[in-house]
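Here is what each chain is made of, one letter per residue.
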Amino acid sequence: MLHLLVIDDDPATTRELRKLFPAPAHRTDSVTTGAEALERLWSDAPDVVVMEARLRNASGLELFDRIREIDPRIPVIFA
């Protein structure tokens with residue numbers, strides 16, 4: 001099962017990705033803040049991250065750097 005983490009403050013993005021990657025073959029989790037994303041990465045690392053480049057409360061590029069520090073092998077896709 002592919003575990004996808006969506007980092008986006010727009011719920012429509014998560015809904016669309018859940019349609020593209022349906023359960024049970026895929027698990028799609030979502031968070032809306034950079035802090036939530038970092039917590040999730042430490043506790044339950046995904047196979048792929050899809051993230052908004054411009055979050056309301058964090059810089060997407062700074063968050064990308066933090067993800068790389070946690071695990072540089074996780075692919076990150078900017079949406």
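Residues numbered from 1 in each chain as written. Predicted model: local features only at pLDDT ≥ 70, side-chain atom pairs only at ≥ 80, totals over all residues. Heavy atoms only, no water.

Caption draft 1: Spatial organisation of the pairing of strand β1 (residues 2-7). Burial analysis of β1 places five of its six residues in the buried class, which makes it a mostly covered element. For β1 and strand β2 (residues 26-31), the ladder comprises six bridges, and the chain directions are parallel. Bridged to Leu-2 within β2 is His-26. Handedness of the crossover joining β1 and β2 through helix α1 (residues 11-20) is recorded here as right-handed. The pairing of β1 with strand β3 (residues 48-51) spans four bridges and is parallel. (Buried < 20%, exposed > 50% of the residue type's maximum accessible area, 1.4 Å probe, protein only. Helix = DSSP H or I, 4+ residues; strand = E, 2+ residues; numbered from the N terminus. Pairing = 2+ DSSP bridges. Right-handed = clockwise from strand over helix to strand, strands pointing away.)

Caption draft 2: Geometry of the side chain of Asp-8. By the secondary structure assignment, Asp-8 is in the loop between β1 and α1. Here the side chain of Asp-8 touches Thr-13 through a polar contact of 3.2 Å, side chain to side chain. Setting aside its immediate chain neighbours within four residues, Asp-8 contacts Thr-13, Val-31, Thr-32, Glu-52 and Leu-55. (Polar contact = N/O pair within 3.5 Å; in protein donor to acceptor, adjacent residues only side chain to side chain. Contact = heavy atoms within 4.5 Å.)

Caption draft 3: Molecular detail of unusual backbone geometry. In this structure, the amide linkage connecting Ala-23 to the following residue, Pro-24, adopts the cis form with an omega of 5°. If you trace the backbone, Pro-24 turns up in the loop between α1 and β2.

Caption draft 4: Fine view of the environment of Asp-47. Assignment of secondary structure puts Asp-47 in the loop between α2 (34-43) and β3. Assessed through its relative accessible area of 37%, Asp-47 is described here as partly exposed. For the pair Asp-47 and Arg-66, spaced 19 residues apart in sequence, the C-alpha separation works out to 16 Å. Within the structure, Asp-47 has its side chain in polar contact with the backbone nitrogen of His-3 (distance 2.7 Å).

Caption draft 5: Geometry of helix α3 (residues 60-70). Looking only at α3, the buried set comprises Gly-60, Leu-63, Ile-67 and Ile-70. One side of α3 holds all its buried residues, which, seen down the axis, span an arc of 75°. When the buried face of α3 is taken as reference, the exposed residues oriented beyond 90 degrees from it are Leu-61, Glu-62 and Glu-69. Looking at the packing, one finds that the buried side of α3 touches β1, α2, β3 and β4 (76-78). (Arc of directions from axis to C-beta.)

Caption draft 6: Fine view of the environment of Ala-37. Of note, Ala-37 is situated in helix α2. Looking at Ala-37, the relative accessible area reads 0%, which means it is buried. Along the primary structure Ala-37 and Leu-5 are separated by 32 residues, whereas in three dimensions their C-alpha atoms are 8.2 Å apart. Every residue in contact with Ala-37, bar those within four places of it in the chain, is listed here: Leu-5, Ile-7, Val-31 and Leu-63.

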